[in-house]
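Coordinate analysis (summary)
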Amino acid sequence: AAVLGAVLSIGCSQPEEPVRPDFAKSAGGLSVAATDPSFGRRGDVGLAVTITGSGFDQGSQASWERGGTSDPKIVVRSTQFIGSSQLVATIDIQSDASLSLYDVAVTTGLGRKGIGTAKFEVTQAQPITGTETAFGVNERGEAVGRLGPAGAFYWNAGSGLQTLGTPGRAHDISEDGRTVAGFTGICCDGGFVHVNAGGVWQYTVLPRDPAATSHSAQSVASDPVTGAGVIVGGHELYSVKGVSLSRRPRLWYSDGAGGWTRVALPAPGGTTDSPLFDVNAAGTAVGSVGGRATVWVPNGPAAWTQATIGGSGSAARGINATGTIAVGFVAAGGKTEAQYWSGSGGTWTGHGLPGGCIEAVDVDSQGRILANGCVNGNRNTPAVIDPPYTAGDVRLLGALGSTGTTEASRMSAGGTWIVGQAGYKSGSIGVRWTRDVP
């Protein structure tokens, strides 16, 4: 699965965010309601930001503040008066600006001041225009995910966005960028791969048990030398008494010539739900069986040992390349908490994680863990948690402003990229986080 390597200090400085209510102060009808864009990145030069509100005049000047004072790391080049409800500020963001939410203030020519609290963010998140969410990324920065009703997409910085022509979503991509796996969301042949052959994406439905209602591809494991997609991990879905669906763990092995061989991993049948979420190139896979975190470890040709590693209400979401660290969540006190399990000699031990995060979703070869729902001032965002997993090892990731939910899905193999989604304006958009070190 994707990893966050030693090169990634993604958001390597801890964002500093005072806990404040989100409101716009006003003075005699002066208010700051919103900015567009509501975010910028370190090193942005000449970024034009439209400020909307009320009570502006010809002499109005904008400033970016934290803690009630103007922040010198965001330089306002000019403030253009458009009308009483709109200004355009042109700003430069210094390369060492804090990854944080900022207040945007407007001072009129008469000296009145209005402040829009937390209306702008300096972030590592980069929106992938035209998308709804991103689920997978490789070390080359190629991302896949969901466009919305149009379905699965592939994106890279050079060619831009490509619709793959498949409903549903693309969940993961191989390191060489040629194999994309996902789920159509349509009965009955849900699990698919797209393979890029000579610049043309060729669609293949993965083989499935005829008795299964559908199936879903969740993860692509890549050959560590060539980067080719060699294993797809996921599950088949079975109807239970015609009412609900039960997932059962599956792997599909590439034959190198466009064909895929289906392998069923050990798990109970019937009503026991047993999804598989991730697999590495050695064939070690993780998921859950009956609501308990589970690891499947190869123990011979076409044979696996199933090991339950978590208690009731847990699941494993990611596995590292060596099969020694699994990450996920456990139920505790009426909520979920991020967890990792360390494995050696067939024995797995669970450990909690700092940061108040609700789930861990990926882990790299250095043991760095990607988690969601981590406490970030008066909101929650994703974070990267470095070994040895102390409170000081939590590296918070930014969003696209203060509104909406931000979640990470996966990390690239070498740790250069993370993808997920962020709330923006009235919806959500796929995002890619990059290394951003001052």
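For the structure, check the block above.
Calculation notes
Residues numbered from 1 in each chain as written. Predicted model: local features only at pLDDT ≥ 70, side-chain atom pairs only at ≥ 80, totals over all residues. Heavy atoms only, no water. Pairing = 2+ DSSP bridges. Helix = DSSP H or I, 4+ residues; strand = E, 2+ residues; numbered from the N terminus. Axes fitted to C-alpha atoms, helices over the stretch in contact; angles between N-to-C directions. Salt bridge = Lys/Arg side-chain N within 4 Å of Asp/Glu carboxyl O. Phe/Tyr/Trp six-rings, centres within 6.5 Å; stacked < 30°, edge-to-face > 60°. Buried < 20%, exposed > 50% of the residue type's maximum accessible area, 1.4 Å probe, protein only. Lys NZ or Arg CZ within 6 Å of the ring centre and 35° of its normal. Contact = heavy atoms within 4.5 Å. Disulfide = S-S within 2.5 Å.

1. Thoughts on the sheet that holds strand β26 (residues 292-300)
- Reading across the sheet, the four strands line up as β24-β25-β26-β27 and stay open at both edges, with antiparallel pairing between neighbours. Edge positions in the sheet fall to β24 (276-279) and β27 (303-312), since each of these pairs with one other strand and no more. Neighbouring strand axes in the sheet, compared pairwise and without regard to direction, differ in orientation by 25 degrees on average.
- Relative to β26, strand β25 (residues 285-289) runs antiparallel, the two sharing five bridges.

2. A short note on the pattern of salt bridges
- Going through the model one piece at a time under the given rule, you end up with 15 salt bridges.
- Arg77 serves as the salt-bridge partner of Asp92, at 3.0 Å between the closest nitrogen and oxygen. Of this pair, Asp92 sits in strand β8 (residues 86-93) while Arg77 sits in strand β7 (residues 74-83); the two residues are 15 residues apart in sequence, bridging distant segments of the chain.
- The salt bridge partner of Asp278 is Arg410, with a shortest N-O separation of 3.5 Å.

3. Topic: unusual backbone geometry
- Backbone torsion omega between Asp36 and Pro37 reads 0 degrees, so that peptide bond is classified as cis.
- In this fold, Pro37 is placed in the loop between β2 (31-36) and β3 (39-40).
- Of note, Ala118 is a non-glycine position whose phi angle comes to about 55 degrees, a positive value.
- Checked against the element boundaries, Ala118 lands in strand β10 (residues 113-122).

4. Considerations on the packing of aromatic side chains
- Scanning all chains against the criterion turns up five aromatic pairs.
- The interplanar angle of 75 degrees and the centroid separation of 5.5 Å between the aromatic rings of Phe39 and Tyr424 together place this pair among those described as edge-to-face. Here Phe39, found in strand β3, pairs with Tyr424, found in strand β37 (residues 417-424); they are 385 residues apart in sequence, far enough to count as distant. The exposure classification of Phe39 matches that of Tyr424, with both residues buried.
- Measuring from centroid to centroid gives 5.6 Å for Trp64 and Phe120, while their planes differ by 85 degrees, and the two rings are edge-to-face. You can see Trp64 sitting in strand β5 (residues 61-66) and its partner Phe120 sitting in strand β10, a full 56 residues away along the chain. The exposure classification of Trp64 matches that of Phe120, with both residues buried.
- One Lys or Arg, Arg248, reaches over the ring of Tyr238 and ends 4.0 Å from the middle of that ring.

5. Comments concerning the pairing of strand β34 (residues 379-385)
- Where burial is concerned, most of β34 is hidden: six out of the seven residues are buried.
- Two elements, strand β33 (residues 369-376) and β34, share six bridges in a ladder whose sense is antiparallel. Considered in β34, the bridge of Cys374 is made with Thr381.
- Looking at chain direction, β34 and strand β35 (residues 394-396) are connected through three bridges and run antiparallel. Bridge assignment links Ala383 to a residue of β35, and that residue is Leu396.

6. Considering the environment of Leu251
- As for its placement among the helices and strands, Leu251 is situated in strand β22 (residues 244-254).
- The spatial distance from the C-alpha of Leu251 to the C-alpha of Ile231 is 6.7 Å, given a sequence separation of 20 residues.
- With sequence-adjacent residues up to four places away left out, Leu251 is seen in contact with Ile231, Val232, Gly233, Thr261, Arg262, Val263, Leu265, Leu276, Val279, Gly283 and Trp304.

7. Describing the environment of Gly233
- Along the chain, the position of Gly233 falls in strand β21 (residues 229-240).
- For Gly233, a relative accessible area of 0% translates into the label buried.
- With 88 residues separating them in the primary sequence, Gly233 and Gly145 have C-alpha atoms 16 Å apart.
- Look past the residues within four positions of Gly233 in its chain and what remains in contact with it is Ser216, Ala217, Gln218, Ser219, Arg250, Leu251, Trp252, Leu276 and Val279.

8. Structural notes on the environment of Ala118
- Judged by its relative accessible area of 10%, Ala118 falls in the buried class.
- Remark: the alpha-carbon pair of Ala118 and Gly345, spanning 227 residues in sequence, is separated by 49 Å.
- Other than its neighbours up to four places away in sequence, Ala118 contacts Leu101, Tyr102, Asp103 and Ser402.

9. Some words on the pairing of β24
- Examined bridge by bridge, β24 and β25 share three bridges and lie antiparallel to one another. Within the sheet, the bridge partner assigned to Leu276 lies in β25 and is Gly287.

10. Here's the deal with the state of the cysteines
- Tallied over the full model, the rule gives one disulfide.
- Paired by a disulfide, Cys357 and Cys374 hold their sulfur atoms 2.0 Å apart. As the torsion about the S-S bond is roughly 110 degrees, the Cys357-Cys374 disulfide counts as right-handed. Taken together, the residues span a long stretch of sequence, with Cys357 in the loop between β31 (347-352) and β32 (359-363) and Cys374 in strand β33 at a distance of 17 residues.
- The class of Cys357 is buried, set by a relative accessible area of 4%.
- The exposure class assigned to Cys374 is buried, which follows from its relative accessible area of 0%.

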